[in-house]
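A structural walkthrough
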Amino acid sequence: MSFFSTRGGDCVTASQAILYGLAENGGLYVPAMFPPVPIQKIREMVGMTYRERALQVLRKFLEDYTNEEIDRALGAAYGSGKFDDERIAPLHALDDSTFMLELFHGPTLAFKDMALQLLPHLTALAAQKNDEKREIAILVATSGDTGKAALEGFKDVPGTSCTVFYPRDGVSRVQELQMTTTKGENTHVISVQGNFDDAQTGVKALFSSKDFRARMDQMGKVLSSANSINFGRLVPQIVYYFSAYADLVGRFAIGLGDKVNFVVPTGNFGNILAAYYAKRMGLPIHKLICASNGNNVLTDFIHTGLYTTHRAFIKTSSPSMDILISSNLERLLYELADRDGDLVNVWMKQLQECGSYSIGQQRHEVMAATFFGGCANERQTAAEIKRVYGKHHYVLDTHTAVASHVLNEYRSQTDDHTPAVVVATASPYKFAGDVLDALWGSKEADDFISQQKLCELTGLKVPAQIAGLESLPVRHELFCEKENMAQAVLRAFEK
Ligand SMILES: *Cc1c(COP(=O)(O)O)cnc(C)c1O
């Protein structure tokens, strides 16, 4: 399988797309086609483990990796006891037609682990295949969860390093401590004065700076990305949509071939894009429901076809979705533009120069046939946590609650009662203060006391992954202004 740039030109192998992350013209790598998965193959997945299902999906895209290589990488990611549930991505039924796909059983308690436990192994193999002798220097901008997941995935992986930028005042205390206490000799963590979009824009600028790349090259390093712009992040995320479907068939919640809806709490549009790819590969999906918090730029885009960042950035209780510029949307735009890279280029230029673009009526109709957009404000998010706990005794995290709220809204607006899978992206213990506040109307000043309280009140155990976090030594304290991210990276490497 070849990979093209969303902005036209370029043609690389899977391992090259994974190794270099972003195309030279600033575009994102997209597969030359969506390899079909026939329904009989999906039936076969019912009896398979997560790792076996993953092999079936990954081998279709990663053609320059052998099956043995992929399987070994999958074993290292999902088979080595790093997930606290051996099903890896278990499905929890709330009622006959509503299911929670729990993607938070990995080492950092958010769905980013699903991809970032695997990506380092795919990257190391990609370096070998392309005779890349330089150190693979991963640069990441994080709204909170990607950073720790990338650090955990890449720490002490030979031939790589991992440098994370996070918005200084834009992440929760648990998220910050998870990152700043990371061990490993090849990890760097830098806080940036600004919000997530500033950090992400800064990292993108580093990737497209010839000077900066040359400096890195002199130091024997080559840049790569672990953000969801990297195709190596996307492809492991396609797997769990197939896996969830196979589980639904396996427990007779649906018949083989029946359609389902997926509801995805969305920020950078990576997770829901993977669902769209699964649909294009033949997974029977009716609607993809895109759920946003108060930063509802995607809700408006899906309603109108006009993308505009002329709005205030709001800090919410679901910080991993506090994003106004959703990078991965570019991959959907590429499909809506009938794979016309020049047209995508025009839209992206308009976005950069004027802060908006419009895809036109016909393309908007095509998008709206597959996607539904909705959003939840802070009050609605909290109310949904309380409602679901009261009715089902199930504790939602703030991000998942946004999705759950939007599903209710979708059902009442459309009367579509197709079975729905809500993608549960984080453990409630990552955002214990806000969850506690939603359930009992008050929270503790200290997140860790909130965790204890949440445990006492709900009986849900504090996950081992974060138990004792508050007493780990802080190992990373670098800080920079958003204009000085290049110097900050160089400084971090000199240490
Ligand atoms: C990253 C993240 C999201 C958003 O996912 P995207 O792929 O950026 O759309 C949602 N919830 C949680 C908990 C996350 O960490």
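Residues numbered from 1 in each chain as written. Predicted model: local features only at pLDDT ≥ 70, side-chain atom pairs only at ≥ 80, totals over all residues. Heavy atoms only, no water.

Once that is clear, we can look at the overall build of the chain. For the chain, the helix and strand inventory stands at 21 helices and 15 strands. Taken against the 2.2 N^0.38 rule, which gives 23 Å for 495 residues, the C-alpha radius of gyration of the chain at 21 Å falls within 12% of a compact globule. In terms of overall dimensions, the chain has C-alpha extents of about 60 × 50 × 50 Å along its principal axes. Burial analysis of the chain (495 residues in total) assigns 61% to the buried set. With an accessible surface of roughly 18,500 Å², the chain has 49% of that area assigned to carbon and sulfur atoms. Across the chain, 49 positive and 57 negative side-chain charges occur, with their mean positions spaced 2 Å apart. (Helix = DSSP H or I, 4+ residues; strand = E, 2+ residues; numbered from the N terminus. Rg over C-alpha atoms; globule rule 2.2 N^0.38 Å. Buried < 20%, exposed > 50% of the residue type's maximum accessible area, 1.4 Å probe, protein only. Areas by Shrake-Rupley, 256 points an atom, 1.4 Å probe, with all protein chains shown as cover. Lys, Arg positive; Asp, Glu negative; His and termini not counted. Charge placed at Lys NZ, Arg CZ, Asp CG, Glu CD.)

Moving on, we get to the packing of aromatic side chains. All told, the structure shown has 16 aromatic pairs when counted by the stated rule. Residues Y50 and Y78 carry aromatic rings whose centres are separated by 5.3 Å and whose planes lie at 80° to one another, so their mutual orientation is edge-to-face. Here Y50, found in helix 3 (residues 50-61), pairs with Y78, found in helix 4 (residues 67-78); they are 28 residues apart in sequence, far enough to count as distant. Judged by its relative accessible area of 5%, Y50 falls in the buried class. Classification of Y78 as buried rests on a relative accessible area of 8%. Joined through ring pairs, the aromatic side chains of F34, F269, Y276, Y277 and F371 make up one cluster. The ring of Y65 carries the charged tip of K129 above its face, separated from the ring centre by 5.0 Å. Directly above the ring of F493 sits K221, whose terminal nitrogen or CZ lies 4.2 Å from the centroid. (Phe/Tyr/Trp six-rings, centres within 6.5 Å; stacked < 30°, edge-to-face > 60°. Lys NZ or Arg CZ within 6 Å of the ring centre and 35° of its normal.)

The residue G27 is located in the loop between helix 1 (14-20) and strand 2 (29-31) in this model. Sequence spacing of G27 and T6 is 21 residues, and the spatial spacing of their C-alpha atoms is 5.0 Å. In contact with G27, other than residues within four places in its own chain, are S5, T6, R7, L22 and E330. (Contact = heavy atoms within 4.5 Å.)

All right, on to the site of the ligand then. In the vicinity of the ligand there are 15 residues, among which K112, D145, G267, N268 and T425 approach most closely. In this structure, G267 approaches the ligand through a main-chain N or O atom, which is 2.8 Å from an oxygen atom. Between the ligand and N271 there is a distance of 2.9 Å, counted from an oxygen atom to a backbone nitrogen or oxygen. The protein chains hide 98% of the 380 Å² of surface that the ligand would expose on its own. (Near = heavy atom within 4 Å. Polar contact = N/O pair within 3.5 Å; in protein donor to acceptor, adjacent residues only side chain to side chain.)

Topologically, T458 is positioned in helix 20 (residues 447-458). In terms of polar contacts, T458 uses its side chain to reach the backbone carbonyl oxygen of L454, at 2.7 Å. Side-chain polar atoms of T458 contact the backbone nitrogen of L460, separated by 3.1 Å. When near neighbours in sequence (up to four residues on either side) are disregarded, T458 contacts Y389, H393, V395, Y429, L439 and W440.

Let us look at the state of the cysteines. All chains considered together, the criterion is met by zero disulfides. Of all cysteine sulfurs in the structure, the one in C480 sits closest to C162, which takes part in no disulfide; the separation is 15 Å. Cysteine C290 is unpaired, with the sulfur of C375 as its nearest cysteine sulfur at 10.0 Å. (Disulfide = S-S within 2.5 Å.)

All right, on to the nonpolar core then. Residues I238, Y241, F242, F262 and Y357 are the most contacted members of the largest nonpolar core, which totals 110 residues. When residues in this core are grouped by element, the largest group, 13 residues, is from helix 11 (residues 231-250). Among residues more than four places away in sequence, those in contact with F242 are V37, I42, M45, V57, A278, M281 and L283. Counting residues in each nonpolar core, the second largest holds 38 residues, with V388, L396, A432 and L436 among its members. (Core = buried A, V, L, I, M, F, W, Y, C linked by side-chain atoms within 4.5 Å.)

It is worth spelling out the sheet that holds strand 3 (residues 91-95) at this point. Strands pair in a sheet through their backbones, by hydrogen bonds, and they do so in one of two ways: parallel or antiparallel. Strand order in the open sheet formed by six strands is 3-4-14-9-10-13, and the pairing between neighbours is mixed. Strand pairing shows two members of the sheet lacking a second neighbour, strand 3 and strand 13 (371-375), which therefore form its edges. Taken pair by pair, the neighbouring strands of this sheet meet at an average axis angle of 25°, ignoring direction. Bridge analysis of strand 9 (residues 260-265) against strand 14 (residues 420-424) gives three bridges, and the strand direction is parallel. If you follow V263 over to strand 14, its bridge partner there is V422. On top of the sheet, helix 12 (residues 270-280) reaches strand 9, strand 10 (285-292), strand 13 and strand 14; it is set at about 170° to strand 10, its chief contact. (Pairing = 2+ DSSP bridges. Axes fitted to C-alpha atoms, helices over the stretch in contact; angles between N-to-C directions.)

Close contact between helix 14 (residues 329-336) and helix 15 (residues 341-354) brings their axes to 9 Å; oriented N to C, the two are set at 135°. Classified by the interaxial angle, the pair formed by helix 14 and helix 15 is oblique. Crossing of helix 14 over helix 15 shows right-handed handedness. Two secondary-structure elements touch here, helix 14 through E330, L333 and Y334 and helix 15 through G341, V344, W347 and M348. Taken together, the residues of the contact of helix 14 with helix 15 break down into five nonpolar, one polar and one charged. (Parallel < 35°, antiparallel > 145°, perpendicular 65-115°, else oblique. Left-handed = near helix turned anticlockwise from the far one by under 90°. Nonpolar A, V, L, I, M, F, W, Y, C, P; charged D, E, K, R; others polar.)

Here we come to the sheet that holds strand 15 (residues 478-481). Pairing in this open sheet of five strands is parallel, and the strands run 8-5-6-7-15 from one edge to the other. Of all the strands in the sheet, just strand 8 (221-225) and strand 15 have a single pairing partner and so form its edges. Within the sheet, the average angular offset between the axes of one strand and its neighbour, ignoring direction, is 30°. Relative to strand 8, strand 5 (residues 135-141) is paired through five bridges, and the arrangement is parallel. Note that in strand 8 the partner of E135 across the bridge is K221.

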